[in-house]
Structures are given as structure tokens and as C-alpha cells.
Amino acid sequence: MQLLRRIGLVLLWLAAPVVAFAAANKNDPYLLPLRGAGNIALVVASIMIVIVLLRRKHWRSTAGKLLVMLWCLLPVLMSAAHLKFELRKHDVLAASPAEARQLGPHFVVGYSSFPEVARLAEEGLIGGVYVTRHNIRGRTVEALRAEIAALQDIRRAAGLPPLVVAADQEGGIVGHLAPPLTKVPALATLSGLAPDDQQAKAEEFGRIHGRELAGLGVNLNLAPVLDLKPPARRNRLDFHTLIGQRAIATDPAVVSTIASAYVRGLEESGVGATLKHFPGIGRVRTDTHHFSASLDAPVKELEATDWLPFREVLSHSRSALMVGHVTLTAVDPDRAASHSKRVVEGIIRDTWNHQGVVMTDDLVMGAIYQHDVCKAVVEAINAGVDLLLVAYDGAQFYRVFACALNGSRQGKLDAAMLRASAARLERGFPTEQARAALLTRSTLEIARAASRARGD
């Protein structure tokens, strides 16, 4: 029994700093599963441990006092972290209407609380929302459709532009709304077909996704993936990207053919496409969800291979372009492409002359969030990025927006870049035109069917 007590004390000593660290960083994205009930459980457990230590007279020794103090520290650290979060949130919500109008349109945010995101939408602090599996888990399609429609009604009532409503429906292993939406195979499954069949099936997949997403109220799909498929060898540092399963093919021409057809299917349904993840992560061996990563290939080589699908699909579609968090060392070795002016303005805008919407990959990913996120936010805006995505953990919106807000107040944001970006966002994703064309076509088909029925 004495041995068990000693082992228990050793475990408490080992656990105390770990739990204290978790309490002090309770709002970190990595600790998202602990929020809510998890935080309450930690506080209750710490109180019970303190009570047990006191009842067993551990407070009489110096070591015992220190152990009790360590476990008493947990609620204090958690309260301090919560207070810091609430103060930052208050500062963001207190932003002036002018600040909200200037900065809000550039943010697309994931959410769990409808009242909270409704307030952000109404006050113009966001330009879009991201819906994913937790928004539909345990709910019907009709419930989520009504929720999205309610957010758009709030925008109209506030005299603000419609929200960008984004989802991640690639097909295959990434289909965050399937089920209940249709689970479509990965586009990679089409690479072995004849070219005509590739196009027909890819366009069909796009129409399925587009029709169902449009019916839900989603107007931007974060697909297709245009990264070239990497070699078959396993990447031990790739925990979540899994690009080998998501990329279409190793041949740029096959990727272009399938992706172009898929985008056509999406756009015909009135849903915009997002080409990702420029400058390409097929060659990258590290998972940017957790770590910084570098793409070390020469630009000429990338232009002749990896970038061909991006340029091809952009040239004849209305797609947005998502920039990933890899560092393109040949162009800008000091920062990730997602906030590099040399990459966004230098390559995408100037060299490629792409004047459509450019967005970042999720800023909550470790390659950005575990470093100087405020510097990344300011640099992304100044580079000409139009939309900053905060998807995995929507609560981080307050931190990310506060970075932009402070940058604006300190005069660090490029006014010319903001104006140019505002003009691009006002043009928006031309999905309304596609949707109108779709409705017109449907109306004509109905009229023709009625005419045939009458024998005209």
C-alpha cells in the first residue's frame, strides 16, 4: 500500500506541470477536444486532488505544500487564459463599423455556435463561414440549410453582401458533409480512364457536388486538389495532409483534364471551385498541419510540371486559388507562400496575371499558428491575399482578426492592397451568374417539356 501511495505521488508530480500547461493554454487549437466538458473535468479533478492531499496531511511538508500549490494553480491558470480570450474577443467585437467594413470581408470562419457567428455576420466582422462535419453531425440537411439561409437573411437585413459559404467536398477521404450528402469517389479514381471518360465522370462528380452544395446554401467548394501525386513511398511526417490519397495523378495533363471537367460541373451548378494547394505540396515531405515545410524545387521546373494544372484551370474557369503554407525557397525562403508578397503578387498577380480571388489555407495549421501568426496575417493582406481562412478552430478568429485590427491601427496594412482586394471581393465568385444561367436553362427545359406535352 505504501508503494502504491508513493507511485501515486510520483504520478501527481509528473502530471501537475503537464496539466498546468494545458490549463494555461486551454484555448490552443491542439487542446480543442478538452474545451467545454474537458476543461470542467480538469478543474473538478484538480479540486479533488487538492482535497485528497490536504486530508492526507501532505501540506505539512515543504514538498507537500508545493504539490498542493501546483494543483491549486490549475483553476487560476485556466481563469487567466479565459480572461485573456474574453478581453481579445471584446476588443474585436468593439471594432468600429469602419474597421469592420475594411477588414471583415477578408475572413472566412468555421463555427460551432450559431448565435456567435450570427453576431459576427451581422456586424460585418466576417465575409464568410466554413461549414464542416460538426455543423451537420446529428442534424438534418434541412436544419443546416435553414441555418445558412438565416445567416444570409441577417446579412441582407444589415445591408451587407452575402456571405461566402465554404465547404470541403473533394471526394474520397475528404468529404466533410458526406454523409448526409452523397459520398463521391476521389477524382484520382478517374486517372486510369480514357480522356473522354475522365472528363465525363469528373464533370458528373462536379455536378453532384455542385447540386447538393448549392441546395444547402454553400457557394464555394474548397476543391479540387491540383497538387501532383507524390511518389508511393510513405511519408512518416504526413499525419493529416495525406496528399498521396487526395491528389489526382502524377501527370499534369491528366490533372488538368480531370480538374477542368470537375470545375465545369461545379460552376454549372452555381458553386465556385477552389484550386489548391499552390505552390504545390506533392513534393513536400512534411505535414503543414503541424510543421513548417519547404518546397525546394526551382521555379522553372515547377512551371513545367507542378504549376501547369493551376495555370490551365485558372485560364478557363472562375476558380479561386488557395495558397498553402509551404515555403517556396527559390522565391521567398523567409516565409510561407500563403503570406509571401513575392509569391502572391510576384507570381500569381504579376506573372500569371490572375486577378481572381486568392485565399490562404487554414491559418490554424501549425505551420502558421505555432509561429508569429500576427506577422503572417499582416503580410498576407499586404501580399494581396483576399480571404483568410480560419476553419478548424473558429474560436481562433478573435486572435487572427485582432492581428489585422492591430495592424490597421498601427498603420501596417497596405491601403492600396486593401482597396484592390476589396474590388476583387466585390466582383466576388461569379456563381450567381452561373446559378441564374442554370435557373434560366431549367425554366426553358420546363417550358419545352410543357410545349411537347401540349403537342406544340
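Just so it is clear, the model here is predicted, and its values are computed rather than measured.

Q: Honestly, the domain arrangement of the protein chain in this entry has me stumped. Any pointers?
A: How big an interface is tends to be stated in terms of accessible area lost as the parts join. According to the domain assignment, the protein chain consists of domain 1 (1-91) and domain 2 (95-442). Inter-centroid distance (C-alpha atoms) of domain 1 to domain 2 is 39 Å. On the domain 1 side of the interface with domain 2, the three residues burying the most area are Pro29, Tyr30 and Asp91, jointly 45% of the side's total. Linking domain 1 with domain 2 are six residue pairs in polar contact (both at pLDDT 80 or more), by the criterion used here. For the side of domain 1 that touches domain 2, the residue count by class is four nonpolar, one polar and five charged.

Q: I would appreciate a short explanation of the layout of surface pockets in the present structure.
A: Picture a little ball the size of a water molecule; that probe, rolled over the atoms, points out where space is still empty. Here the largest pocket defines a volume of roughly 1300 Å³. In terms of lining, the largest pocket is formed by 49 residues, of which the most central are Tyr130, Asp362, Ala391, Tyr392 and Asp393. For the lining of the largest pocket, the secondary-structure elements that each account for two or more residues are helix H3 (62-93), strand S1 (107-110), helix H5 (114-122), helix H6 (133-136) and strand S7 (272-278). Here the element with the most residues in the lining of the largest pocket is H5; it accounts for three residues. For the lining of the largest pocket, the class distribution of residues is 22 nonpolar, 15 polar and twelve charged. Domain assignment of the residues forming the lining of the largest pocket places at least three in each of domain 1 (1-91) and domain 2 (95-442).

Q: Honestly, the nonpolar core in this entry has me stumped. Any pointers?
A: Leu125, Ile126, Phe278, Val377 and Phe397 are the most contacted members of the largest nonpolar core, which totals 104 residues. What Leu125 contacts, discounting residues up to four positions off in sequence, is Val92, Leu93, Ala95, Ala100, Gly104, Phe107, Leu120, Phe397 and Phe401.

Q: Is there a simple way to think about the pattern of salt bridges in this case?
A: Side chains that carry opposite charge are capable of pairing whenever their charged atoms lie near each other. This structure, assessed with the given rule, holds 22 salt bridges. For the salt bridge of Glu203 with Arg264, the shortest nitrogen-to-oxygen distance reads 3.5 Å. Pair noted here: Glu203 is in helix H8 (residues 195-216) and Arg264 is in helix H10 (residues 252-268), with a separation of 61 residues, a long-range link. On the basis of relative accessibility, which here comes to 17%, the residue Glu203 falls in the buried class. For Arg264, a relative accessible area of 32% gives the class partly exposed. Its salt-bridge partner being Asp386, residue Arg424 comes within 2.8 Å of it at the nearest N-O pair. With Arg424 in helix H17 (residues 415-427) and Asp386 in the loop between helix H15 (373-383) and strand S12 (388-390), this pair connects stretches of sequence that are 38 residues apart. Assigned by exposure class, Arg424 and Asp386 land together as buried.

Q: Help me out: how do you make sense of a nonpolar patch on the surface in this one?
A: A grouping of Leu3, Leu4, Ile7, Val10, Leu11 and Leu14 is seen on the molecular surface, where their side chains present a nonpolar patch of about 620 Å² in accessible area. Positionally, Leu14 belongs in helix H1 (residues 2-24). Here Leu14 falls in the exposed class, since its relative accessible area comes to 56%.

The rules we used
- Residues numbered from 1 in each chain as written.
- Predicted model: local features only at pLDDT ≥ 70, side-chain atom pairs only at ≥ 80, totals over all residues.
- Heavy atoms only, no water.
- Domains from an automatic or database assignment.
- Buried area = accessible area lost by both parts, 1.4 Å probe.
- Polar contact = N/O pair within 3.5 Å; in protein donor to acceptor, adjacent residues only side chain to side chain.
- Nonpolar A, V, L, I, M, F, W, Y, C, P; charged D, E, K, R; others polar.
- 1 Å grid on protein atoms, 1.4 Å probe; cavity = no way out; pocket = protein on both sides within 12 Å on 5 of 7 lines; lining within 4 Å.
- Points joined across faces, edges and corners; volume = space filled by probe spheres on them.
- Helix = DSSP H or I, 4+ residues; strand = E, 2+ residues; numbered from the N terminus.
- Core = buried A, V, L, I, M, F, W, Y, C linked by side-chain atoms within 4.5 Å.
- Buried < 20%, exposed > 50% of the residue type's maximum accessible area, 1.4 Å probe, protein only.
- Contact = heavy atoms within 4.5 Å.
- Salt bridge = Lys/Arg side-chain N within 4 Å of Asp/Glu carboxyl O.
- Patch = residues over 30% accessible without salt bridge, like charges linked within 9 Å, V, L, I, M, F, W, Y side chains within 5 Å.
- Areas by Shrake-Rupley, 256 points an atom, 1.4 Å probe, with all protein chains shown as cover.

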